[in-house]
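As a plain string of letters, each chain reads:
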Amino acid sequence: MEKKTLVLGVIGSDCHAVGNKILDYALSEAGFNVVNIGVLSPQEDFINAAVETKADAIIVSSLYGHGEMDCRGMREKCDEAGLEGILLYVGGNIVVGKQDWADVYKRFKEMGFNRVYPPATSVDTTIADLKYDLGIDDNE
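Position numbers for residues start from 1 in each chain and track the written sequence from start to end. It should be noted that, the model being predicted, local features are given only for residues of pLDDT at least 70 and side-chain atom pairs only at 80 or more, the latter also being counted only at that level, while totals for whole chains, interfaces and linings use all residues. Excluding hydrogens and water, the side-chain values take into account all heavy atoms of the structure.

Describing the environment of G19
- Tracing the backbone shows G19 in helix α1 (residues 18-29).
- Under the relative-accessibility criterion, G19 is labelled partly exposed at 28%.
- Along the sequence, G19 and I136 sit 117 residues apart, while their C-alpha atoms lie 25 Å from each other. Put simply, DSSP marks the helices as runs of H or I at least four residues long and the strands as runs of E at least two long, and each gets a number from the N terminus on. Any residue under 20% of the maximum accessible area for its type is buried, any over 50% is exposed, and the rest in between are partly exposed; the area is computed with a 1.4 Å probe on protein chains only.

What about α1?
- Helices are assigned an expected span. That span is 1.5 Å times one less than the residue count. Over its 12 residues, α1 extends 17 Å from the first C-alpha to the last, a length consistent with the 16 Å expected when each residue adds 1.5 Å.
- Among all positions in α1, only N20, L23, A26 and L27 are buried. One side of α1 carries all its buried residues, which in axial view fall inside an arc of 135 degrees. In α1, the exposed residues that point more than 90 degrees away from the buried face are V18, K21, I22, Y25 and E29.
- Here, residues are in contact when the closest pair of their heavy atoms is within 4.5 Å. Buried residues belonging to α1 abut β1 (5-11), β2 (33-41), β3 (57-62) and α6 (123-133). This arc describes the spread of directions from the helix axis toward the C-beta atoms.

Here we look at the UniProt feature "domain: B12-binding" (unreviewed entry) in the chain
- UniProt positions are given in the numbering used here, feature names are shortened, and annotations may be inferred rather than shown by experiment. The sites that carry the UniProt feature "domain: B12-binding" (unreviewed entry) are, in the present numbering, residues 3-137.
- Within the segment residues 3-137, helix and strand shares are 41% and 23% respectively, and the terminal C-alpha atoms sit 12 Å apart.

Comments concerning the packing of α1 against α6
- Lines fitted to C-alpha atoms define the axes here, with helix axes fitted over just the stretch in contact, and angles between the N-to-C directions of these axes take values from 0 to 180 degrees. Running from N to C, α1 and α6 point in directions that differ by 45 degrees, and their axes come no closer than 10 Å. By the criterion of interaxial angle, the relationship of α1 to α6 is oblique. In terms of crossing hand, the pair formed by α1 and α6 is right-handed. Across the interface between the two elements, L23, A26 and L27 of α1 pack against V123, I127 and L130 of α6.
- Here the term charged refers only to Asp, Glu, Lys and Arg, the term nonpolar to Ala, Val, Leu, Ile, Met, Phe, Trp, Tyr, Cys and Pro, and the term polar to all other amino acids, Gly among them. Taken together, the residues of the contact of α1 with α6 sort by class into 6 nonpolar, no polar and no charged. Angle categories are assigned with fixed cut-offs, so that under 35 degrees is roughly parallel, over 145 is roughly antiparallel, 65 to 115 is roughly perpendicular, and the rest are oblique. Left-handed describes a crossing whose near helix is turned anticlockwise from the far helix by less than a right angle; the clockwise case is right-handed.

Observations regarding the pairing of β2
- DSSP-based pairing: two strands are paired if at least 2 bridges between them are found. Relative to β2, β1 runs parallel, the two sharing 6 bridges. Bridge assignment links I11 to a residue of β2, and that residue is S41.
- When the strands point away from the viewer, a crossover counts as right-handed if the route from the first strand across the helix to the second turns clockwise. Following the backbone out of β1, through α1 and into the adjacent parallel β2, one traces a crossover that is right-handed.

A closer look at the pattern of salt bridges
- Here, a salt bridge means any side-chain nitrogen of Lys or Arg that lies within 4 Å of a carboxyl oxygen of Asp or Glu. This structure, assessed with the given rule, holds 7 salt bridges.
- Here E110 ties to K106 by a salt bridge, and the two come within 3.6 Å at their closest N and O atoms. Taken as a pair, E110 and K106 lie in helix α5 (residues 101-110) at a separation of 4 residues, close to a single helical turn.
- According to the relative accessible area criterion, E110 is exposed, its value standing at 58%.
- The partner of D133 in a salt bridge is R115, and the shortest N-O contact between them spans 2.8 Å. Placement of D133 in helix α6 and of R115 in strand β5 (residues 115-117) is noted, with a sequence separation of 18 residues between them.
- Owing to a relative accessible area of 28%, D133 belongs among the partly exposed residues under this scheme.
- On the basis of relative accessibility, which here comes to 23%, the residue R115 falls in the partly exposed class.
- Residues participating in the shared-partner salt-bridge network are E68, R72 and R107.

Here it is, written out as structure tokens:
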């Protein structure tokens, strides 16, 4: 089976690189082709990379708490760029302050994200979800 391509990066004015590198390594080791656009990345960089590489999913990381602001309108911009239906994942410390996770989750789902992960989610969870959402069977 052909490797699925993922665009990975840290959105907005966030410069947290360590988690991004860990995700890159783990996703690559799990058999994905990872296009890592790095840190301090605007939505357009994720979208342009996804278009250029014909990516199957975009994985947005945010640790500085402004992910909600940085991610608004991303689904619509993906659709406008011809990426209708691309999987959008987001995770990390995506909001400022202590907020009820159910409310945060609901807001990101309403913004069009397929998967929304709270802080400290294991990368194994993300890998399992990607394999499920992309129809990857480990036994093939």
